[in-house]
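# Tertiary structure, described
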Amino acid sequence: MGLSFCGKNESSYSVEKGVLNNWCFLDALNLVPHVFLLFITFPILFIGWGSQSSKVQIHHNTWLHFPGHNLRWILTFSLLFVHVCEFAEGVSDKMMDTTHLHLFMPAFMGFVAATTSVVYYHNIETSNFPKLLLVLFIYWVLAFITKSMKLWKFAKEKMDIHQLRVCITALLVLLYGLLMAVEVNVIRIRKYVFFANPQKVKPPEDLQDLGVRFLQPFVNLLSKATYWWMNPLIMGAHKRPIELKKIGKLPIAMRALTNYLQLKDAYEDQRTAENPERAPSIWRSMYRAFGRPILLSSTFRYLADLLGFAGPLCISGIVMNLTLEGDAGSTSDKKENHPMLFTELLQNTSVLAVLLFLALVLQRTFLQASYYVTIETGINLRGALLAMIYNKILRLSTSNMSMGEMTLGQINNLVAIETNQLMWFLFLCPNLWAMPVQIVMGVILLYYLLGWSALVGASVIVLLAPVQYLIATKLADMQKSTLEHSTDRLKKTSEILKGIKLLKLYAWENIFCDSVEETRGKELTSLKTFAFYTSMSIFMNAAIPIAAVLATFVMHYFITNTGPSPAEAFATLALFNILVTPLFLLSTVVRFAVKALISVQKLGEFLQSDEIGDDSWRNGEVSVPSEAAKKHRGGTKAINRKQPLRYQMDNYEQPSRRQMRPSETEDVAVKVSNGCFTWGSNLSTLSDINIRIPTGQLTMIVGQVGCGKSSLLLAMLGEMQSISGRIHWSNERFCQGPFSHLEAVEDEAGDHAASKNRYSVAYATQKSWLLNATVEDNITFGSPFNKQRYKAVIDACSLQLDIDLLPFGDQTEIGERGINLSGGQRQRICVARALYQNTNIVFLDDPFSALDIHLSDHLMQDGILKFLQDDKRTVVLVTHKLQYLIHADWIIAMKDGSVLREGTLKDIQTHDVELYDHWKTLMNRQDQELEKDIEQDSQTTLERKTLRRAFYSRETKNQMDDEDEEEEEEEEDEDNLSTTTNRRSKVPWKDCWCYLSSGGFFMVFLMMSSKLLKHSVIMAIDYWLAIWTSNRTNQTMVARSNGTCQVQAVNKSPADSEDSFYLTVFIVLCAAGIALCLITSLSVEFLGLSAATNLHHNLLNKIIHAPLRFFDITPLGQILNRFSADTNIIDQHIPPTLESLTRSSFLCLSAIGVISTITPYFIIALVPLAVAFYFIQKYFRVASKDLQDLDDSTQLPLLCHFSETAEGLTTIRAFRHEARFKQRMLELTDTNNTAYLFLSAANRWLEVRTDYLGAVIVLAAAGASIWGFRCGQPSGGLVGLALTYALTVTNYLNWVVRNLADLEVQMAAVNKVNSFLGTESENYEGSMDSSQMPETWPEHGEIKIQDLCVRYDPMLKPVLKHVNAYIQPGQKVGICGRTGSGKSSLSLAFFNMVDIFEGKIVIDGIDICKLPLQTLRSRLSIILQDPILFSGSIRFNLDPERTCNDERLWEALEIAQLKNMVKALPGGLDAVVTEGGENFSVGQRQLFCLARAFVRKSSILIMDEATASIDMATENILQKVVMTAFADRTVVTIAHRVHTILTADLVIVMKRGNILEYDKPETLLEQEDGMFASFVKADM
């Protein structure tokens, strides 16, 4: 067949009837515009590309959309599609004998030109050069004219509109016309040509900011739909991890502030003038602020759902037409000559295959677009809600917090749970209205395909939906009970870890381990029920489609007496697969909707709770509230635009402020007249308050505990509700007039700077409050850093020594997430913050409460008297330390919520002698305490010591780690980049193996074999259906060819019996399939459960039996994380991920297997697809993991910021730092939202790509089947089977990758747990059998230490070197020495807690190293420095082994002087001890520890600095008890204060791990230059 433009016929070239009447000439004319466009645009494109070596590198700030951007892309895509149709029509024209180029050449050129036009347009748009668009305008006009001529010719020939050619030409004319209109519109708006002054347009603000990296709103339509702009990020993740810097900032429209203002306006607009008290509806505000995107998303969703039904319809069409073709092929070979009609096009199987492909691509694009829009809106909503809650927190009335109406827990729940519930509801809400439509459509189509029998199948699905809902609610309940048990288990575990040293020394670890195991048992019981319901849910999801298909076809057989045709059967299968998803999801969506309703209710209550009064009076002017309110409305917008406020505060110079002070005549800073204040319950807490605070002086407020001193400070700060009276703050005008509080917070940053320090009060609360930040940030608190001032403040608060102990000095993170400081250290930092701030007024609320006497004196002298008073600042000090009253300029004495006296000390001395005398007696008492206090080693040194210990042990670990790392780094440097990227993209097979083997080999075998069987049976069901239906088709065909008359006779019996045979097998297979679904779903869940059980059990045992050194070098938080977060992931998250992964993988593999078996040609297409899939999943997994980590790591600071703010409300408000904290909250929210948005965009990136791959698989399968069918290979039923399976692949491909990525993240938990399972345990066995030793050992308590060398770890230096000593039975021995001399190490050596690598300790003739640890430790007693009690009863704390009777316990309590106190408690011995023994004082706890040591009647007692943390009185009791009750026992005391061992029989002085002096105390005191003598001198 020859090729020529107009064909071989001469007549084709004749122009006798006029040039325009020649079809060939018209088609040639149609080529002109396309050729014109290509000639002009190609040089421009190449020059453009050449000059800017790569378009990709243009920075995105030049992206600018011309008007009608999206419409142009949509029209161009439609144009491409129509050109394809035109080309197909031209090629398959049956009227011509030769192949005429003019029939399809213009279509092909048109396709090329349309593609070029969109590429050209995109390049013009990115380089913002609109003049070049003129070329496109000319092209559209020419194309429109030439096509119109062709259409006119068709009309003249009176050709029918049903003819495909006419249809296509009309469509093309329409599209060219529309594109022309778009071009005219661009000229009209941008005026780039034909107008004198073209319009200058700047790119949007976001694109000028190089920090904005989230480009979804700004890229072109194609990139929007396919997330092409994410490529560099996702590919780049392979080379180096994604960091926060890389994902940049959010576009303005998505920032929390923008969305907050939208939501707030929608919320406030509902408050009408007639009814200002009416609570606005949150639902309505959400709808007004975020309704439009949700509607857009729903539209996309509807389109996607409707296109989803194209799949089953196309399958039915393809199978039907193939069987007809086969039919027709055997009957007739005649060809009719006529132009192709539109309906004929839809009967062409190849066309249907292409349509199926396009429908799938479009459906998936719309679906992902719908997901993306809802997720973006959900994130925006969450940002807005967080900002709303935060603003409310900053205005919450303090009484709400203190009266317990609003607890911190509730606020944290609002932030962490309720906002997320609403966000998730928004993600799922388009489903609420899309699903019913989808279900109705599906049922209608089923009815159309199979009639009534289909409705039976559908009703099976619908009837089982409520069961699924029921299961979902049960799951939620079980999750709650599991949570309760796991919280309980965690509490116990953390108690064990905190008291691990004591447990090991007393050999109680197994008792406590069993109690944790018991709680874990309860947790596992609820987990079992949880696993059961989960597997039921999975089972329902897998079994319902099988049951529905079974019901349908059985019904169909009974109604029609025959099986279905292949077309009907496989379309039905595909439809049931579509229908199951919405019904399965519906239960989830309904559950989320219910949760969202509750969340909104809680939010509404919170937003309506009481707010603090408007305290504009803090500046002395009471007449400003109205103005303030006006400012407040619009003022909020100023916050975000400028730099954060802290950068703009006036750089402060100390001296200059002094000259600016007003004249000293105005000497009252704050004045309260007739004040009456309450904490909310209308009972006045403070009544009849008349006081004045003199300017620039030191005022002290004194009084008994609970008389209202702190409340008075808060009342002055406006935190209490005022019933009557007024507070007047002197209006110290500097350069400007009065300033209202709201203006100060919300107004322009510049003004803010001027007014900053006037009305803010530096306030240090009694309960110290720290930020999660560095020490320096906590002290400067947003003020500019001034080195000199900072140093002065640190010295005044004696913080330098503490700072030196911290690992990074004052750059160490402290606060909840940072290092735990002691009470005194925290309080000093809070005082330092108040001193550092440059404010006129300083309020200090009992700053000495947690400090010892030396520090208090230092703080008083250097901090308050020198630093603050020199600066002439007004200081108000609440205190109990009356010895400081002599320094006060003004004293306010309080009693029972009112002022008792006010005046100077002299006034009170003369006018109120009684009060003065009362104070004097109190002062004397305090002086005595002072002497005692000086005797004991100060509390501060103790605090510092604990800090030093905590870090010593960690540092040694860090040093070891550093050495390892250095070695690793050296090795790594030799590697190149490729290996690191490989390491990041590898699946952690080792961890998976560890997890599966923990589950038990039988369970793994059961799971894998049942999965394989299940999928084989499901394939068998479908295959059987294909054979059955094909067989029926063959029968009908045979019958037809034999003529009709015999049909009656033949058809009856064999076909019937055959059909019933097929049906029986079909029913059996379906029943087997359903049973196997149940087994697999149960096996996976219970495999997970047994793995979780074993991993936790092993972890607990390993950790509890680890040596003490392990706990010194491993932070407690890290160990607890293994038991909390990681165990939770192993318990609840890995099993469903594993189930989903295995199911989707098996489905995809079985589908590809089935298709390849039916049409082997498919394998050719499979190779490139497999390669593409491999790379997509490889890149995605790495990026997804990084983004997941970023999302997790940015969430914690946000939640902490909220709880921090709620705790420190009074401080923030007193300092007037609300604006700074809001700014910080907005930054944290935006950071977290950015990470989350990128994560969801990455998920869309993956899904679009896997969906398109799936669509290509469908196309390949359809193509291969059709081609194979024509070569006589598969039957119609098998083609249907292949296509149905290909359709399932599109649904499951992305789940394979997503689950793989999730599993990889979750396996990290197994890895972490596994790393702890490698810990060496202590050697509990010992070489001596317990039967070989006497029951009563140690009877006498004789101790020989021979050449003892001890170290904590083989890697470390020895801490005791060749120590020799002999202690006789019943001797009282004191050991002393400086910190780090090895005293405590010696005490641990008695219990074999450290590595004794040389020498030995022999007790009563037995070497302790040979004894089993349990035996050794259970026969000795020790009292530790920190008194540790466990939650439970007093009896449990004294005797957890339950071996003693009550008399013995009471005797022990009597000896410890606790008997009377315990008797008075409810329950006596069974009285409750709270966590850590918090309900007893430190002294009482220490006495309980003494009683505990006495209960264990051991002949050897070791006291390790046991008196360090108790007062003198308790210590005297202890000493007495030890002398009397333990008179006949050997007592070794490690002394903290030397005077406690002066009465001992023997004193050992240690230095650097050696014994320096060893003798009776009297003898040692005679050596005046000896160490012991110098200790005693220092201690006196």
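Above this text sits the structure in question.
The model shown is predicted, which means the values in this text are computed figures rather than measured ones.

What follows deals with unusual backbone geometry. Unusually for a residue other than glycine, Ala-507 sits at a positive phi of about 60 degrees. Turning to its location among the elements, Ala-507 is positioned in the loop between helix H18 (500–506) and helix H19 (509–560). Taking the relative accessible area as the measure of exposure, Ala-507 reaches 5% and is therefore buried. At Asn-674, a position not held by glycine, the phi torsion is positive, near 50 degrees. Assignment of secondary structure puts Asn-674 in strand E3 (residues 668–678). You can call Asn-674 exposed: its relative accessible area is 52%.

In this section: the packing of aromatic side chains. Inspection of every chain in the model, using the stated rule, returns 43 aromatic pairs. Measuring from centroid to centroid gives 5.9 Å for Phe-300 and Phe-366, while their planes differ by 20 degrees, and the two rings are stacked. Of the two residues, Phe-300 is situated in helix H11 (residues 282–308) and Phe-366 in helix H14 (residues 349–395); the sequence distance between them amounts to 66 residues. With 5.6 Å between their ring centres and 80 degrees between their planes, Phe-1110 and Phe-1316 make a pair best called edge-to-face. Of the two residues, Phe-1110 sits in helix H40 (residues 1108–1113) while Phe-1316 sits in helix H45 (residues 1276–1317), which places them 206 residues apart along the sequence. The exposure class assigned to Phe-1316 is buried, which follows from its relative accessible area of 7%. Every member of this aromatic cluster is reached through a ring pair, and the members are Phe-553, Trp-1024, Trp-1028, Phe-1061, Tyr-1062 and Phe-1066.

This brings us to helix H24 (residues 709–716). Counting buried positions along H24 gives seven out of eight residues, so the element sits mostly inside the fold. Those residues of H24 lying buried are Lys-709, Ser-711, Leu-712, Leu-713, Leu-714, Ala-715 and Met-716. Residue Gly-718 follows H24 closely and has a positive phi angle near 85 degrees.

Moving on, we come to the pattern of salt bridges. Overall, the coordinates contain 34 salt bridges when judged by the stated rule. Linking Lys-150 and Asp-27 is a salt bridge whose minimum nitrogen-to-oxygen distance equals 3.0 Å. Within this pair, whereas Lys-150 is found in helix H4 (residues 133–156), its partner Asp-27 is found in helix H1 (residues 23–51), the two being separated by 123 residues in sequence. No difference in accessibility class separates Lys-150 from Asp-27, as the two residues are buried.

Overall, mixed pairing links the six strands, which are arranged E19-E22-E23-E16-E24-E25 in an open sheet. At either end of the open sheet lies a strand with only one pairing partner, and these are strand E19 (1421–1423) and strand E25 (1554–1559). Adjacent strand axes in the sheet meet at a mean angle of 20 degrees, parallel and antiparallel pairs treated alike. As paired elements, strand E16 (residues 1372–1377) and strand E24 (residues 1546–1551) share five bridges and run parallel to each other. Residue pairing across strands places Ile-1375 opposite Ile-1548, the latter belonging to E24. Packed onto the sheet, helix H51 (residues 1482–1495) meets E19 and strand E22 (1500–1504) and runs at close to 175 degrees relative to E19.

A few words on the sheet that holds strand E15 (residues 1360–1367). An order of E15-E14-E17-E18 is seen for the four strands of this open sheet, with the pairing classed as antiparallel. Looking at the sheet topology across the chains shown, the edges are occupied by E15 and strand E18 (1406–1407). Strand direction decides the pairing type here: strand E14 (residues 1343–1351) and E15, joined by five bridges, are antiparallel. Directly across from Ile-1343, in E15, lies its bridge partner Ile-1367.

Of note, Ile-1408 is situated in the loop between E18 and helix H47 (1413–1419). You can call Ile-1408 buried: its relative accessible area is 0%. C-alpha separation for the pair Ile-1408 and Ala-1389, spaced 19 residues apart in sequence, amounts to 9.5 Å. If sequence neighbours within four positions are ignored, Ile-1408 has contacts with Ala-1389, Phe-1390, Asn-1392, Ile-1401, Ile-1403 and Leu-1416.

In terms of nonpolar packing, the biggest core is built from 248 residues, with Met-230, Phe-1066 and Leu-1348 touching the most fellow members. With 21 residues, H45 is the single largest residue contributor to this core. In terms of nonpolar packing, the next biggest core, distinct from the first, is built from 98 residues, Met-388, Leu-915, Trp-919 and Met-1225 among them.

What counts, and where the lines are drawn
Residues numbered from 1 in each chain as written. Predicted model: local features only at pLDDT ≥ 70, side-chain atom pairs only at ≥ 80, totals over all residues. Heavy atoms only, no water. Helix = DSSP H or I, 4+ residues; strand = E, 2+ residues; numbered from the N terminus. Buried < 20%, exposed > 50% of the residue type's maximum accessible area, 1.4 Å probe, protein only. Phe/Tyr/Trp six-rings, centres within 6.5 Å; stacked < 30°, edge-to-face > 60°. Salt bridge = Lys/Arg side-chain N within 4 Å of Asp/Glu carboxyl O. Pairing = 2+ DSSP bridges. Axes fitted to C-alpha atoms, helices over the stretch in contact; angles between N-to-C directions. Contact = heavy atoms within 4.5 Å. Core = buried A, V, L, I, M, F, W, Y, C linked by side-chain atoms within 4.5 Å.

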